[in-house]
Amino acid sequence: MLFRSRFSNSQAGIVSGEQATAPVPKSPAMPPRDTPQQDQTATGTATTDALTVPVFYKQNAFFLKASINGGPTLDFCIDTGSADISLSEEVVQSLKQSSLIQPSDFTGTKTYVLANGTEIVSPILNLRSLTVGGVTVQNLTASVSSRNSDLLIGLSFFKKFKGWRLNNQQNVLVLDR
């Protein structure tokens, strides 16, 4: 489901440990870098300039793994047509039951326009943190969508970075800091 917001979010920063495993793929359009510092873990590759995050292909879309507020890792569909992150009712209920989402995280409602032009009003909440590939981004807007819908990672996440690109050959998302 594609969403487009009628208004924009406030900006917040990227925090906490960038982590890595494999070398950052070199893009032919990018000039060679001085030897950047790298950290090693199993989630992605981080340098001072970029972070690569593994992605996988299913249901004719690219997905990545992410964790909300330190909770379990979940599969998110990469949807650059979505203004915000979108969570299904089931995931929200599960996060509430495990105290990873508090009542104070809910901030009201927001009107979204779907790709087909239909307007929907959705509850919105502030995600205190979303960890993707070892990088944690704080204070992201998320909407609550209908039951059994895919989790979407949208522009409220991608706008926190200078740029991003999908490398289809290496199945990675590259996030430029």
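Here's a quick rundown of the structure. (Residues numbered from 1 in each chain as written. Predicted model: local features only at pLDDT ≥ 70, side-chain atom pairs only at ≥ 80, totals over all residues. Heavy atoms only, no water.)

## What about the overall build of the chain?
Moving on, step 1. Looking only at helices and strands, the chain features 2 helices and 14 strands.
Moving on, step 2. Counting only residues that meet the buried cut, the chain has 44% of its 177 residues in that class.
Moving on, step 3. Pairs at least 24 residues apart make up 57% of the contacts formed inside the chain by residues separated by at least 6 positions.
Moving on, step 4. As displayed, the chain has an accessible area near 9100 Å², and 51% of this comes from carbon and sulfur atoms. (Helix = DSSP H or I, 4+ residues; strand = E, 2+ residues; numbered from the N terminus. Buried < 20%, exposed > 50% of the residue type's maximum accessible area, 1.4 Å probe, protein only. Contact = heavy atoms within 4.5 Å. Areas by Shrake-Rupley, 256 points an atom, 1.4 Å probe, with all protein chains shown as cover.)

## Let's talk about the side chain of Ser-82
Moving on, step 1. Inspection of the secondary structure assignment puts Ser-82 in the loop between strand S7 (73-78) and strand S8 (85-88).
Moving on, step 2. Look at Ser-82 and you get buried, because its relative accessible area is 0%.
Moving on, step 3. In terms of polar contacts, Ser-82 uses its side chain to reach the backbone carbonyl oxygen of Asp-84, at 2.6 Å. (Polar contact = N/O pair within 3.5 Å; in protein donor to acceptor, adjacent residues only side chain to side chain.)

## What about helix H1 (residues 89-97)?
It helps to recall that an α-helix has 3.6 residues per turn; residues three or four apart then point in one direction.
Moving on, step 1. Turning to H1, its buried residues number three or more, namely Val-91, Val-92 and Leu-95. For H1, the buried positions fall inside an angular range of 100 degrees around the axis, keeping them on one side.
Moving on, step 2. The first or second residue beyond H1 is Ser-99, which carries a positive phi of 65 degrees. (Arc of directions from axis to C-beta.)

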